[in-house]
Every structure is written in C-alpha cells, then in structure tokens.
Amino acid sequence: MRVSLGGASGSLAVEFPLAVDGLVRVRGKRMPVAWLQSLLATQWADGRLTSGTLDADLAIRARDAGGSEMVGPVVFDDLGLDSVDGRIAAAGLSARTDMNLGFLPDATRLDLGAQLGRGEVLMGAMYVSLPDTPTSLAVSLQSQADSRWELQRFHWRDAGVLDLQAKGILDA
C-alpha cells in the first residue's frame, strides 16, 4: 500500500509492505522541515525547526532485539533551527547525510555521517560560519535513562582548517 501527500511546497510518500515484517519506505521531495516538528519534539522538546526543506529516501524496519530503526540518506537545504533558550541555532544550512536512527526499547540512538555545505551554526559559545566547500561531520549519540545524551563520537573535519574529535555527555 502507498500513501502520498504533496503540493506545490513538497511531497511525502510512504510505502507499507503487505507482510507484517516488511520494510516501510519513506520518500520525501522538497518536503518542508516544519512537517517534522512533532517528531523532533519527542526527543528535543525545546527544539524548533524554523526553515528549510529536505529530500529523503528512508527505510524503516523492526529490529530483532525490539524497537525499530530508520536508515537512509537525507539532504537538507536552507535548514534553520533554534532552541527555546537560544543556545543552539542553525541558519541557511545545507547538508547531505546518511542517517541511522534507532528506536530501541530503552534508548534512542543516532549515527550520522554528513557533508555540510554553506550555513551558520551556533552551539553555546561556539559559532561556525560554514564555507561553500564541504565540511565532514560524523556523530554517534545515544539517549540515557536520565534524559541525557551520550555523545559517543563527534568528528568535525574542515580540511586544512580544523580536525576535531570529541566524546561526552549532553544534558537535555
């Protein structure tokens, strides 16, 4: 079965398998990121998507150990976001990503590889104005029972400018 939504601003198609254990496909084309605000709020209540579109080709499947995972490429254009307190923000961001988002019985896990293009990012006291040349980013995060996130891997590489690796705990 296939369900499609769309209009002048973008489209979303979801293909459901006839078999119970089949793969669900989600494809978005020029989809406004605002359509994802409710999903974002389940894991980051203070986050607000302010602008941008995305293209996606995701596969959603049940995991043998329980839960589910969503895997595939997502391309963002002109992404904007803000946190309620203003400590985290992005504007005009473009990114090509490969994502693996796992919804486990007791945690949520994100593995993300990205090539960032233009745009601006603010994280606390750190402000980054991205060049038009690609900057690579690799992130692995896992939620903790106490509402914190374990940053298992962070690797930022802007060739010839900065090569940064980090691990840590992020308070929600």
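Right above here is the structure, for reference.
Let us look at the structure shown here. (Residues numbered from 1 in each chain as written. Predicted model: local features only at pLDDT ≥ 70, side-chain atom pairs only at ≥ 80, totals over all residues. Heavy atoms only, no water.)

**Thoughts on the pairing of strand E3 (residues 24–32)**
Quick note on the threshold: If DSSP finds at least two bridges between two strands, the strands pair. By the criteria applied, helices consist of DSSP H or I runs no shorter than four residues and strands consist of E runs no shorter than two, each listed in order from the N terminus.
Note that strand E2 (residues 10–15) and E3 share 5 bridges and pair antiparallel. By the bridge assignment, Glu15 is partnered in E3 with Arg25. Pairing analysis gives 7 bridges linking E3 to strand E4 (residues 47–62), with the strands arranged antiparallel. Note that in E4 the partner of Arg27 across the bridge is Asp57.

**A few points about the side chain of Ser83**
Our working rule: Polar contact criterion, stated in full: a pair of N or O atoms within 3.5 Å, where within protein one must be able to donate a hydrogen and the other to accept it, and residues adjacent in sequence count only if both atoms are side-chain atoms. We call two residues in contact whenever any of their non-hydrogen atoms come within 4.5 Å of each other.
Structurally, Ser83 is set in strand E5 (residues 68–83). In terms of polar contacts, Ser83 uses its side chain to reach the side chain of Asp85, at 2.7 Å. Look past the residues within four positions of Ser83 in its chain and what remains in contact with it is Trp44, Asp46 and Ile88.

**Digging into the pattern of salt bridges**
For clarity, the threshold we go by: Each reported salt bridge corresponds to a side-chain nitrogen of Lys or Arg within 4 Å of a carboxyl oxygen of Asp or Glu. Exposure categories follow from relative accessible area, calculated using a 1.4 Å probe and restricted to protein chains: below 20% of the type maximum is buried, above 50% is exposed, and the middle band is partly exposed.
According to the stated counting rule, one finds 12 salt bridges in the structure shown. The salt bridge partner of Glu69 is Arg63, with a shortest N-O separation of 3.4 Å. Measuring nitrogen to oxygen at the nearest pair gives 3.2 Å for the salt bridge that ties Asp111 to Arg109. Relative accessible area serves as the criterion here: at 24%, Asp111 is assigned to the partly exposed category. Salt bridges sharing common partners tie together Glu15, Arg25, Arg27 and Asp57.

**A few points about the environment of Gln37**
Its location among the elements puts Gln37 in helix H1 (residues 37–43). For Gln37, a relative accessible area of 22% puts it in the partly exposed group. In this structure, the C-alpha to C-alpha distance between Gln37 and Leu49, residues 12 residues apart in sequence, is 6.3 Å. Sequence-distant contacts of Gln37, defined by excluding residues within four places in its chain, comprise Gly47, Arg48 and Leu49. Engagement of the side chain of Gln37 in a polar contact is seen with the backbone oxygen of Gly47, the distance being 2.9 Å.

**Details of a nonpolar patch on the surface**
Inclusion rule: Here a patch means residues that are over 30% exposed by relative accessible area and free of salt bridges, tied together within 9 Å if like-charged and within 5 Å if nonpolar (Val, Leu, Ile, Met, Phe, Trp, Tyr). Under the convention used here, a 1.4 Å probe and the Shrake-Rupley method define accessible areas, while residue burial counts only the protein chains that appear.
Taken together, the side chains of Met1, Val3 and Phe16 present a nonpolar region at the surface, about 290 Å² in accessible area. Mapped onto the fold, Met1 is located in the segment before strand E1 (2–7). Overall, the relative accessible area of 62% leaves Met1 in the exposed class.

**Comments concerning the pairing of E4**
Bridge analysis of E4 against E5 gives 12 bridges, and the strand direction is antiparallel. Across the sheet, Gly47 pairs through a bridge with Ser83, a residue of E5. Hairpin remark: E4 followed by E5, antiparallel, with 5 residues in the connecting loop; positive phi at Gly66, about 105 degrees.

**So, unusual backbone geometry**
Residues other than glycine seldom take positive phi values, yet Asp78 does so here, at roughly 60 degrees. Its location among the elements puts Asp78 in strand E5. Accessibility expressed as a relative area gives 37% for Asp78, which makes it partly exposed.

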